[in-house]
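Analysis of the macromolecular model
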Amino acid sequence: MKALRTHEVGGPETLTLDEVEVPSPGKGEVLIDVKACAINYPDTLMIRDLYQFKPERPYSPGGEIAGVIEAIGEGVEGYSVGDTVMAGIGNGGLAEKVVVPAGRMFPVPEGVPFEKAASLLMTYGTTIHGLKDRGHIKEGDTVLILGAAGGVGLSAIELSKAFGARVVAAVSSEAKGEVAKKAGADEVVIYPREEMDKAASKELANAFKAACGPNGANIVYDIVGGQYSEPALRSIAWEGRFLVVGFPAGIAKMPLNLTLLKSCDICGVFWGAFTAREPEKFVAQVKELFELMKAGKIDPLVSETFPLERAGEAIAKLESREAVGKLVVTMD
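Everything numeric here is computed off the predicted structure, so don't read it as measured data.

Topic: the overall build of the protein chain
Along its length, the protein chain carries 11 helices and 15 strands. On C-alpha atoms alone, the protein chain measures out to a radius of gyration of 20 Å, which is about the 20 Å that the 2.2 N^0.38 rule sets for 332 residues. Structurally, the protein chain occupies a C-alpha span of about 60 × 40 × 35 Å along its principal axes. Residues counted as buried form 53% of the 332 residues belonging to the protein chain. Put simply, 68% of the contacts in the protein chain that link residues at least 6 apart link residues at least 24 apart. When the accessible surface of the protein chain is totalled, it reaches about 14,600 Å², and 51% of it is carbon and sulfur.

Notes on the packing of helix H3 (residues 121-134) against helix H4 (residues 151-162)
Here H3 crosses H4 at 50 degrees, and the two axes come no closer than 9 Å. Comparing their axes, H4 and H3 come out oblique. The element H3 and its partner H4 pack so that their crossing is right-handed. Between H3, through Thr123, Tyr124, Thr127, Ile128 and Leu131, and H4, the contact on the second element is made entirely by Gly151, Val152, Ser155, Ala156, Glu158, Leu159 and Ser160. Partitioning the contact of H3 with H4 into residue classes produces six nonpolar, five polar and one charged.

Some words on H3
Burial analysis of H3 places 12 of its 14 residues in the buried class, which makes it a mostly covered element. Within the span of H3, buried status applies to Leu121, Met122, Thr123, Tyr124, Gly125, Thr126, Thr127, Ile128, His129, Gly130, Leu131 and Asp133.

Thoughts on the environment of Pro58
In this fold, Pro58 is placed in the loop between helix H1 (41-46) and strand E4 (64-72). Judged by its relative accessible area of 39%, Pro58 falls in the partly exposed class. Sequence separation between Pro58 and Leu15 is 43 residues, and the spatial gap between their C-alpha atoms is 9.9 Å.

A word on the nonpolar core
Of all hydrophobic cores here, the largest spans 48 residues; its most connected members are Met86, Ile145, Ile157, Leu159, Tyr221 and Ile298. With six residues, the single largest contributor to this core is helix H10 (residues 279-294). Sequence-distant contacts of Ile298, defined by excluding residues within four places in its chain, comprise Leu120, Tyr124, Glu158, Leu159, Leu289, Leu292 and Met293.

Looking at the pattern of salt bridges
Evaluation of the coordinates by the stated rule reveals 21 salt bridges. When the shortest N-O distance is used, the salt bridge between Lys161 and Asp186 registers 2.9 Å. You can see Lys161 sitting in helix H4 and its partner Asp186 sitting in the loop between helix H5 (174-183) and strand E10 (187-190), a full 25 residues away along the chain. Residue Asp186 is classed as partly exposed on the basis of its relative accessible area, which comes to 39%. Several salt bridges share partner residues, and in doing so they unite Asp33, Lys35, Glu70, Lys97 and Asp332 into one network.

Brief notes about the side chain of Ser160
Summarising the element assignment, Ser160 is placed in helix H4. Overall, the relative accessible area of 0% leaves Ser160 in the buried class. Setting aside anything within four residues of it in sequence, one finds Ser160 in contact with Leu131, Ile137, Val143, Ile145, Ala165 and Val167.

Here we look at helix H6 (residues 198-212)
For H6, spanning 15 residues, the distance from its first C-alpha to its last is 21 Å, which sits close to the expected 21 Å at 1.5 Å a residue. Tucked inside the fold, the buried residues of H6 contact strand E8 (142-146), strand E9 (166-171), E10, strand E11 (217-222) and helix H7 (229-233). Residue Asp197 occupies the N-cap position of H6, its side-chain oxygen lying 3.2 Å from the main-chain nitrogen of Ala199. Of the residues trailing H6, Gly213 is marked for its positive phi of about 100 degrees.

Brief notes about the pairing of strand E5 (residues 84-88)
With four of five residues buried, E5 lies mostly within the body of the structure. Examined bridge by bridge, E5 and strand E7 (residues 105-107) share three bridges and lie antiparallel to one another. The residue bridging Met86 from the neighbouring strand is Phe106, located in E7.

Reading the values: the criteria
Residues numbered from 1 in each chain as written. Predicted model: local features only at pLDDT ≥ 70, side-chain atom pairs only at ≥ 80, totals over all residues. Heavy atoms only, no water. Helix = DSSP H or I, 4+ residues; strand = E, 2+ residues; numbered from the N terminus. Rg over C-alpha atoms; globule rule 2.2 N^0.38 Å. Buried < 20%, exposed > 50% of the residue type's maximum accessible area, 1.4 Å probe, protein only. Contact = heavy atoms within 4.5 Å. Areas by Shrake-Rupley, 256 points an atom, 1.4 Å probe, with all protein chains shown as cover. Axes fitted to C-alpha atoms, helices over the stretch in contact; angles between N-to-C directions. Parallel < 35°, antiparallel > 145°, perpendicular 65-115°, else oblique. Left-handed = near helix turned anticlockwise from the far one by under 90°. Nonpolar A, V, L, I, M, F, W, Y, C, P; charged D, E, K, R; others polar. Core = buried A, V, L, I, M, F, W, Y, C linked by side-chain atoms within 4.5 Å. Salt bridge = Lys/Arg side-chain N within 4 Å of Asp/Glu carboxyl O. Expected span 1.5 Å × (residues − 1). Polar contact = N/O pair within 3.5 Å; in protein donor to acceptor, adjacent residues only side chain to side chain. Pairing = 2+ DSSP bridges.

Encoded structure:
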């Protein structure tokens, strides 16, 4: 079988398409014939050894897949060969077949395409955990979302609206703003791509404040980081929650006096660790996502698909912050 693997530290250009042995499922595992693998920001970090987890090389990036069960190991119950499933696996998904612990899988609801099934767990899973467990979202809240046109950002728009919140979407272009509006955003703020000086940062903070309204943002959902975090924090409401989700623009240095002035919280959102530490709550939230999808309240936007041999291009596009919605690698 074919697998796109990393053999050395570096960018997507260092990945190689290898011919490897088909793995066999062990006790409690299944072999999945992968049909689709979504690309996520951790994929860009892992191959450069910049992520919290550093798998032993060589390995395939790709932590979110959908496919069909091809073989079942000892002790696995509730699944059969031929079942359509999706799974969050951390890495290994950019391969034609992958062995997955049965506890990391979920049946794919009938009628959901592989590309959308592969795009649900990490993005919407991160966001439902972030908004509910860390942000304590409630009806009537105002949510400011940075990087609102990417896969995680769009999930934040849809879930915030599903939970009865008002959404201010912050994006880097008018085109991305239109995508955010189509997903349900109530207001859009365009922030600059170029480096901001103090005056420009203050101007952006004022734009966030104007869009969020006189009471500010009850929740800031920060997927971007860098120079955008402080202006967003300046627009937060009294006792607001600033959720740290990711930092493709760099790790922000925040003036902590603002947390005192607003009596607000800065909270980390580490979904991967959450799924391992609280598996029952994780499973319950995935079931809730299925119900929201069934009700038509969430629908992953797959903007582009790539064949396995071009998966490096998908990773590069996400890394350069050019992606809208989800980028998915398909094996067929």
